[in-house]
Amino acid sequence: MSVNARPSIIQSVIPIADLRQAGSLPIPAHVPSTDATALRDQRGRQLRDLRISVTDRCNFRCTYCMPKEVFDNNYQYLPHAEVLSFEEITRVARIAVGQGVRKIRLTGGEPLMRRGIEELVAMLAAIPDIDLTLTTNGSALKAKAATLKAAGLNRLTVSLDSLDDKTFRAMNDVDFPVAKVLEAIDAANAAGFEQIKINMVVKRGVNDHQVVQMAKFFKPAHGMPGNIVRYIEFMDVGSTNGWKMDDVIPSQEVVNRIHAVLPCQPANPNHLGEVAKRWRYLDGAGEFGVISSVTEAFCGTCTRARLSTDGSLYTCLFAQRGYDLKTLLRSGADDVAIANAIVGIWQSRQDNYSEVRTAETARERKVEMSFIGG
Ligand code: SF4
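To keep things clear, this report deals only with the structure shown in the data block. (Residues numbered from 1 in each chain as written. Predicted model: local features only at pLDDT ≥ 70, side-chain atom pairs only at ≥ 80, totals over all residues. Heavy atoms only, no water.)

### Digging into the overall build of the protein chain
Scanning the protein chain from N- to C-terminus turns up 13 helices and 12 strands. A globule of 374 residues ought to have a C-alpha radius of gyration of about 21 Å, and the protein chain, at 20 Å, matches this closely. Overall, the C-alpha framework of the protein chain stretches about 55 × 50 × 40 Å when taken along its three principal axes. Counting all 374 residues of the protein chain, 56% fall into the buried class. In the protein chain, of all internal contacts separated by at least 6 residues, the share reaching a separation of at least 24 is 75%. Here the protein chain contributes 45 positively and 42 negatively charged side chains, and the mean placements of these two sets differ by 1 Å. (Helix = DSSP H or I, 4+ residues; strand = E, 2+ residues; numbered from the N terminus. Rg over C-alpha atoms; globule rule 2.2 N^0.38 Å. Buried < 20%, exposed > 50% of the residue type's maximum accessible area, 1.4 Å probe, protein only. Contact = heavy atoms within 4.5 Å. Lys, Arg positive; Asp, Glu negative; His and termini not counted. Charge placed at Lys NZ, Arg CZ, Asp CG, Glu CD.)

### Thoughts on helix 5 (residues 165–172)
Because the α-helix completes a turn every 3.6 residues, residues three or four places apart line up on one side. All buried positions along helix 5 are accounted for by T167, F168, A170, M171 and N172. The secondary structure elements touched by the buried residues of helix 5 are helix 6 (178–190) and strand 5 (197–202). Looking one or two residues past helix 5, D173 carries a phi angle of roughly 55 degrees, positive in sign.

### Some remarks on the site of the ligand
Around the ligand sit F298, C299, C302, R304, R306, C316, L317, F318, R349, D351, Y353 and S354, and that is every residue in its neighbourhood. Of all elements in the fold, only strand 10 (304–307) and helix 11 (353–356) reach the threshold of two or more residues within the shell around the ligand. Each residue belonging to the shell around the ligand can be placed in one class, and the counts come to 7 nonpolar, 1 polar and 4 charged. (Near = heavy atom within 4 Å. Nonpolar A, V, L, I, M, F, W, Y, C, P; charged D, E, K, R; others polar.)

### Quick word on the pairing of strand 3 (residues 131–136)
Within strand 3, 5 of the 6 residues are buried, which leaves the element mostly enclosed by the surrounding structure. Bridge analysis of strand 2 (residues 103–107) against strand 3 gives 4 bridges, and the strand direction is parallel. If you follow K103 over to strand 3, its bridge partner there is D131. This β-α-β element, strand 2 to helix 3 (residues 117–125) to strand 3, shows right-handed connectivity. The sheet contact formed by strand 3 and strand 4 (residues 155–159) spans 4 bridges and is parallel. What sits directly across from T133, in strand 4, is R155. Handedness of the crossover joining strand 3 and strand 4 through helix 4 (residues 141–151): right-handed. (Pairing = 2+ DSSP bridges. Right-handed = clockwise from strand over helix to strand, strands pointing away.)

### Notes on the packing of aromatic side chains
Inspection of every chain in the model, using the stated rule, returns 8 aromatic pairs. Summarising the aromatic geometry, the rings of F318 and Y353 are spaced 4.6 Å apart at their centres and angled 20 degrees between planes, so their arrangement reads as stacked. Of the two residues, F318 is situated in the loop between strand 11 (312–314) and strand 12 (323–324) and Y353 in helix 11; the sequence distance between them amounts to 35 residues. By the burial criterion, F318 is buried, and Y353 matches it. Counting every residue linked through ring pairs, the aromatic cluster contains F60, F168 and F176. The residue whose ring lies beneath K149 is F193, and the NZ or CZ to ring-centre distance is 4.7 Å. (Phe/Tyr/Trp six-rings, centres within 6.5 Å; stacked < 30°, edge-to-face > 60°. Lys NZ or Arg CZ within 6 Å of the ring centre and 35° of its normal.)

### Describing helix 7 (residues 211–218)
Along helix 7, the residues classified as buried are V211, V212, M214, A215 and F218. Along the axis of helix 7, the buried residues cluster in a sector spanning 160 degrees; they form a single face. (Arc of directions from axis to C-beta.)

### Overview of the nonpolar core
The biggest cluster of nonpolar side chains holds 111 residues, and the ones touching the most others in it are I104, L106 and Y231. With sequence-adjacent residues up to four places away left out, I104 is seen in contact with L50, I52, A93, V97, I130, D131, L132 and T133. (Core = buried A, V, L, I, M, F, W, Y, C linked by side-chain atoms within 4.5 Å.)

### Brief notes about the pairing of strand 4
By the bridge criterion, 3 bridges tie strand 4 to strand 5 in an arrangement that is parallel. Note that in strand 5 the partner of V158 across the bridge is I198.

### Regarding the side chain of S354
If you trace the backbone, S354 turns up in helix 11. Engagement of the side chain of S354 in a polar contact is seen with the side chain of S293, the distance being 2.8 Å. Setting aside its immediate chain neighbours within four residues, S354 contacts S293, A297, C299 and F318. (Polar contact = N/O pair within 3.5 Å; in protein donor to acceptor, adjacent residues only side chain to side chain.)

### With respect to the sheet that holds strand 5
Taken in spatial order, the 12 strands of this open sheet run 7-8-9-6-5-4-3-2-1-10-11-12, and their pairing is mixed. Two strands lie at the open edges of the sheet, namely strand 7 (264–267) and strand 12, each paired on one side alone. Here 4 bridges tie strand 6 (residues 228–233) to strand 9 (residues 287–291), and the two strands are oriented parallel to one another. The partner of V229 across the bridge, within strand 9, is F288.

### Focus on the side chain of E233
Within the secondary structure, E233 is located in strand 6. Buried and unpaired, E233 has no salt bridge, with R357 as the nearest side chain of opposite charge at 6.6 Å. There is a polar contact of 2.8 Å between the side chain of E233 and the backbone nitrogen of S251. Discounting residues that sit within four places of it in the chain, E233 has contacts with V248, I249, P250, S251, I291, S292, S293, V294 and T295. (Salt bridge = Lys/Arg side-chain N within 4 Å of Asp/Glu carboxyl O.)

Next comes the structure, spelled out in structure tokens:
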């Protein structure tokens with residue numbers, strides 16, 4: 001099946017503007033508590049991770065995220081006035097850290113397309129006790145790696161769906177070459193970013209033939225830290241990628257394929273709520289991870305909230321609507337009011353989409369990943 005043989009999904013596409021205009025959820029009242037570390041949702045999960053989409057723009061058209069048929073030349077991006085400013089983003093982040101957030105991930109769209117991103121990194125890096133990370137498609141990373149490091153960015157994740165140029169160009173659908181992403185990863189390692197995560201979304205019949213090649217290519221020499229490939233099951237994010245269960249390669253199959261060539265064993269998680277399951281090579285040189293939202297749901301330990309480009313808080317990647325914080329930010333609300341809103345939102349959270357996913361739910365209208373970050 002050629003990579004471009006995507007079923008026409010135009011009919012199934014819900015005009016995204018409509019979804020944005022679908023209105024926000026009412027912000028639930030919060031239950032006051034003096035102990036921010038006690039903040040838990042309805043399933044006892046803490047708020048630990050805030051993913052921030054700093055732009056809804058991207059220069060790639062990855063078929064599983066921003067298919068060209070939908071995000072075409074007529075696609076209306078958010079007007080600048082609707083996009084949160086660096087000051088607003090930093091304010092929400094600082095307040096969220098006060099409620100328990102310890103990890104902030106900058107996403108998009110493509111975050112490196114946001115002008116002055118290093119400035120935002122420096123503003124966020126000034127917030128104490130956070131792990132500041134960023135996910136990029138690598139297209140602008142070579143030029144920016146050193147300045148991002150100098151601005152205070154701690155860690156990087158680079159998306160790379162194939163080493164085979166023809167497949168990669170087709171998957172990003174803008175003809176961007178693998179070589180440039182590999183150069184960017186080298187530049188980022190040289191700038192001091194270690195153990196860069198390499199995210200590969202695996203789609204059956206499209207790039208799954210590359211699973212073992214990616215493992216071999218990124219497997220470090222003995223004693224070297226190496227970068228870490230994370231194989232991501234193809235997910236029904238948003239409403240535009242034509243997702244079907246048949247296109248999913250279960251993570252266990254990915255592990256089996258790698259183990260057959262590079263024997264490996266499970267490794268303990270680095271921390272509670274870690275998204276990827278770790279596998280260490282038996283020869284002691286390196287590891288990889290699998291992210292199995294479809295076949296091994298991990299909602300039970302999900303500690304993530306997402307701030308959209310236009311300032312809404314989403315409590316699940318597969319949410320349909322979010323909670324509007326921008327109106328609070330721009331209507332003179334003080335930090336306590338914004339903190340109470342975040343607390344109320346989190347305290348009422350029950351999300352567990354991956355545990356209840358069906359072919360029917362997969363067709364439901366959901367916010368686009370490019371709008372809230374992966
Ligand atoms: S489906 Fe939603 S609740 Fe479950 S792990 Fe993903 S983001 Fe968290």
